[in-house]
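Understanding the architecture of this molecule
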Amino acid sequence: VHVLSCDGDSFVSKFGEEGDQPGQFQKPNGIAIDHDHDRILITDCFNHRVQLWSLSDQSFLSCIGKKGLRDLEFQYPYGIAIDKHHHRIIIVDNTNHRLVFLSSIDLSFLFSVGGNQGEFHYPIGIAIDEDRHRIIVSDTYNDRMQVLSSIDGSFLFEFGSQGDQPGQLNNPQGVCIDNQGRIIVADSVNNRLQAFTHEGHHISSFDCGRENPLGVAFDEHRGLIAFSADHRVHVIGANQWLADTSFVWRPD
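Just so it is clear, the structure is predicted and the values come from calculations on it, not from any experiment.

Per the counting criterion, the structure on display carries 12 salt bridges. Of the charged contacts in the structure, one is a salt bridge between Arg-132 and Asp-129, with a shortest N-O distance of 3.2 Å. Across the salt bridge formed by Asp-178 and Arg-182, the nearest N and O atoms sit 2.6 Å from each other. Since its relative accessible area comes to 5%, Asp-178 is described here as buried.

This is the structure we're talking about:
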């Protein structure tokens, strides 16, 4: 895992190495910052587990999970998010086609949602809409986004369908929420980012050229959107793409 300065131009530190022992990774994927508990959570995808590291000094803390189908077992976990309101960690358990909910207090298993391809089909990305108590999930192989209640994981609605027209998706992956409540989706095979209202209505698209965007994140302090594609991280100004009179640009 690489830590870079906010402007992305300078290297700060890195941690982890290849392997299957505690503190080692095989294809680290999703990442979430748990400020309340001063830790970084990372899905160690090919080791079928989640690793916890100290946010303060980046020392290794512990691992959760192993390969399997049961509680506290995963198969290729991808996205991960912190639900601060409900004190939960939510993990996208990709090949088990489900979301796994853990307590952020004691890391115990709470419940799971999904578990078969009729509900999710290889989900990847996840974001928490704190203002509306909702979970946004990239239901990747179904070429759609699912919106769930963060209270109990119940289904609310879906949006998107397979295609390349505005509002359609092809292998959606990363997802984030900006400070206006808009949903930003990495529409990977369509080589673009797409923005939707919190109700799932298409707003606009950002062309990524020939590159396939994967992860995406919003920096609320600087009004920036970062996305990974072609072995690097790209950063764009949200106000340049999503012009909005209520958007406040904060260059600091």
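Having seen the structure, we can now continue with the description.
Before going further, it helps to spend a moment on the environment of Leu-99. The topology assignment puts Leu-99 in strand β11 (residues 98–103). Considering only alpha carbons, one finds Leu-99 and Asn-212, 113 residues apart in sequence, at a separation of 25 Å. Beyond its immediate sequence surroundings of up to four residues, Leu-99 is in contact with Ile-90, Ile-91, Val-92, Phe-111, Ser-112, Val-113, Phe-120, Ile-126, Ile-135, Val-137 and Leu-148.

Moving on to the sheet that holds strand β5 (residues 49–54). Spatially, 4 strands are ordered β3-β4-β5-β6 in an open sheet, and the strand pairing comes out antiparallel. Because the sheet does not close on itself, it has two edges, and the strands there are β3 (28–34) and β6 (60–64). The sheet shows a mean angle of 20° between the axes of neighbouring strands, taken without regard to direction. In this structure, strand β4 (residues 39–44) lies alongside β5, joined through 6 bridges in antiparallel fashion. Considered in β5, the bridge of Arg-39 is made with Ser-54.

What follows covers the pairing of strand β16 (residues 155–159). Across 4 bridges, strand β15 (residues 144–149) lies against β16 in antiparallel orientation. Its bridge partner being in β16, Met-145 is matched across the sheet by Phe-159. In textbook terms, the turn of a hairpin is the stretch between consecutive antiparallel strands, and for β15 and β16 this stretch comprises 5 residues, one of which, Gly-153, has a positive phi near 75°.

What follows deals with the packing of aromatic side chains. A complete count under the given rule lists 9 aromatic pairs for this structure. Ring centres of Phe-15 and Trp-53 lie 4.6 Å apart, and the angle between their planes is 40°; on these two criteria the pair is classed as tilted. Highlighted residues: Phe-15 in the loop between β2 (11–14) and β3 and Trp-53 in strand β5, separated in sequence by 38 residues. Judged by centre distance (5.5 Å) and plane angle (75°), the ring pair of Trp-53 and Phe-60 falls under edge-to-face. Under the relative-accessibility criterion, Trp-53 is labelled buried at 6%. By way of ring pairs, the aromatic residues Phe-15, Phe-25, Trp-53 and Phe-60 are connected into one cluster.

Residues Ile-184, Leu-193, Ile-225, Phe-227 and Trp-241 are the most contacted members of the largest nonpolar core, which totals 15 residues. Secondary structure elements with two or more residues in this core: β18 (183–187), β19 (192–196), β21 (216–219), β22 (224–229) and α1 (238–241). Per element, the largest residue contribution to this core is 3 residues, and it comes from β22. Excluding residues within four positions of it along the chain, Leu-193 makes contact with Val-185, Ala-186, Ser-204, Ser-205, Phe-206, Cys-208, Pro-213, Ile-225, Phe-227, Ile-236 and Trp-241. Residues Leu-41, Val-50, Leu-52 and Leu-107 belong to the second largest nonpolar core, which totals 13 residues.

Moving on: the environment of Asp-131. By the element assignment, Asp-131 lies in the loop between β13 (126–129) and β14 (134–139). Considered as a pair, Asp-131 and Phe-101 are 30 residues apart in the sequence and their alpha carbons are 19 Å apart.

The rules we used
- Residues numbered from 1 in each chain as written.
- Predicted model: local features only at pLDDT ≥ 70, side-chain atom pairs only at ≥ 80, totals over all residues.
- Heavy atoms only, no water.
- Salt bridge = Lys/Arg side-chain N within 4 Å of Asp/Glu carboxyl O.
- Buried < 20%, exposed > 50% of the residue type's maximum accessible area, 1.4 Å probe, protein only.
- Helix = DSSP H or I, 4+ residues; strand = E, 2+ residues; numbered from the N terminus.
- Contact = heavy atoms within 4.5 Å.
- Pairing = 2+ DSSP bridges.
- Axes fitted to C-alpha atoms, helices over the stretch in contact; angles between N-to-C directions.
- Phe/Tyr/Trp six-rings, centres within 6.5 Å; stacked < 30°, edge-to-face > 60°.
- Core = buried A, V, L, I, M, F, W, Y, C linked by side-chain atoms within 4.5 Å.

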